[in-house]
Amino acid sequence: MEFSLSKLVRYLIRKARLVRKDTGAVVEVDVEAPVMVPKVCVVRALVDRMIPGQQIILRSTDLEMPWEMQHFCNMLGHELMDVGREDDTYFFTLRVRGDEDRLPSQDPFQLDLSPQSMIRTVDITPNREPWRLQGSSRLLPASRPALKAK
């Protein structure tokens, strides 16, 4: 299967969702990459298309992603604002910086891993019948609607 980073970025953005933070709505993207392409290359393609000052939340289940994101932000001067973890999923909040206000690069061998805060996410996607399986008429076991219709 042939791919380009532009096609991959368009694919990822279609699967993005908005997350409400104290500072406003932030785009959250699940970082995926084809076989043999490092996820950090996909992150670079996303970040290069962003306006300085914008924030993005990157979601990944890759165990090496915390180190890769730390190194990525150190080398390019972007700001890794927060690293959250829920079970085996990592959430990285990144602020893109412009050429004139990039953070100075540190010695990569002296970098410490950013502390990870344990978080709990709640999906509040609107669903008219949340007690039903999506796309199925079969009821979930021992479930009932929270409110009865009159």
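Visitor: Could you clarify how one ought to interpret the pairing of strand S4 (residues 79-86) in this entry?
Guide: The side chains of a regular strand alternate between both faces of the sheet. Sheet topology places S4 next to strand S5 (residues 89-95); 7 bridges connect them, and they run antiparallel. The residue bridging glutamate 79 from the neighbouring strand is arginine 95, located in S5. Linking S4 back to S5 in an antiparallel pair, the connection comprises 2 residues, with aspartate 87 at a positive phi of about 55°. Where S4 and strand S6 (residues 116-118) come together, 3 bridges link them in parallel fashion. Within the sheet, the bridge partner assigned to arginine 85 lies in S6 and is methionine 118.

Visitor: What exactly am I supposed to notice about the pattern of salt bridges here?
Guide: Oppositely charged side chains are able to pair whenever their charged atoms sit close together. Taken as a whole and judged by the stated rule, the model has 8 salt bridges. Put simply, arginine 44 and aspartate 48 hold a salt bridge, and the shortest N to O gap is 3.2 Å. Taken together, the residues span about one helical turn, with arginine 44 and aspartate 48 both in helix H2 (residues 39-48) at a distance of 4 residues. A residue is classified by how much of its surface remains accessible, and arginine 44, at 38% relative accessible area, is partly exposed.

Visitor: Which parts of the structure should I look at to understand the confidence of the model for the chain?
Guide: Of the residues in the chain, 79% reach a pLDDT of 70 or more, and the chain-wide mean stands at 79. Within the model, pLDDT remains below 50 along residues 130-134, and this stretch shows 10 contacts once partners closer than five positions in the same chain are excluded. Throughout residues 138-150 the model reports pLDDT below 50, and contacts reaching past four residues in sequence, or to other chains, amount to 9 contacts.

Visitor: Got a minute to help me understand the environment of alanine 45 in this structure?
Guide: Looking at the secondary structure, you find alanine 45 in helix H2. For the pair formed by alanine 45 and valine 9, sequence separation is 36 residues and the distance between their alpha carbons is 7.0 Å.

Visitor: Before we go on, may I ask you to explain the packing of aromatic side chains in this structure?
Guide: Evaluated as defined, the whole model comprises 1 aromatic pair. Note on tyrosine 90 and phenylalanine 92: the rings are 6.1 Å apart at their centroids and 20° apart in plane angle, and the pair reads as stacked. Note on tyrosine 90: relative accessible area 6%, which makes it buried.

Visitor: Before we go on, may I ask you to explain the pairing of strand S1 (residues 17-21) in this structure?
Guide: Here S1 pairs with strand S2 (residues 24-30) via 5 bridges, running antiparallel. Note on S2: the bridge partner recorded for arginine 17 is glutamate 28. Counted between consecutive antiparallel strands, the loop separating S1 from S2 contains 2 residues.

Visitor: For this particular structure, what's the right way to read the nonpolar core?
Guide: A general feature of soluble globular proteins is that nonpolar side chains tend to end up buried together. One finds Val43, Leu58, Met69, Phe72, Phe92 and Leu94 to be the most contacted residues of the largest nonpolar core, which totals 26 residues. Contributing elements (two or more residues each) for this core: helix H1 (5-14), H2, strand S3 (55-60), helix H3 (65-76), S4 and S5. Considering every element that reaches this core, the biggest residue donor is H2, with 6 residues. Those residues in contact with phenylalanine 72 that lie beyond four places of it in its chain are Val40, Val43, Arg44, Val47, His78 and Leu94.

Visitor: Which parts of the structure should I look at to understand the packing of H2 against H3?
Guide: The axes of two packed helices give the description: the angle between them and the distance between them. Direction vectors running N to C along H2 and H3 enclose 45°, while the axes themselves pass 10 Å from each other. Between H2 and H3, the crossing angle belongs to the class labelled oblique. Considering the relative orientation of H2 and H3, their crossing is right-handed. Between H2 and H3, the residues in contact are Lys39, Val40, Val43, Arg44 and Val47 and Met65, Glu68, Met69, Phe72 and Leu76, respectively.

Analysis parameters
- Residues numbered from 1 in each chain as written.
- Predicted model: local features only at pLDDT ≥ 70, side-chain atom pairs only at ≥ 80, totals over all residues.
- Heavy atoms only, no water.
- Pairing = 2+ DSSP bridges.
- Helix = DSSP H or I, 4+ residues; strand = E, 2+ residues; numbered from the N terminus.
- Salt bridge = Lys/Arg side-chain N within 4 Å of Asp/Glu carboxyl O.
- Buried < 20%, exposed > 50% of the residue type's maximum accessible area, 1.4 Å probe, protein only.
- pLDDT = per-residue confidence, 0-100.
- Contact = heavy atoms within 4.5 Å.
- Phe/Tyr/Trp six-rings, centres within 6.5 Å; stacked < 30°, edge-to-face > 60°.
- Core = buried A, V, L, I, M, F, W, Y, C linked by side-chain atoms within 4.5 Å.
- Axes fitted to C-alpha atoms, helices over the stretch in contact; angles between N-to-C directions.
- Parallel < 35°, antiparallel > 145°, perpendicular 65-115°, else oblique.
- Left-handed = near helix turned anticlockwise from the far one by under 90°.

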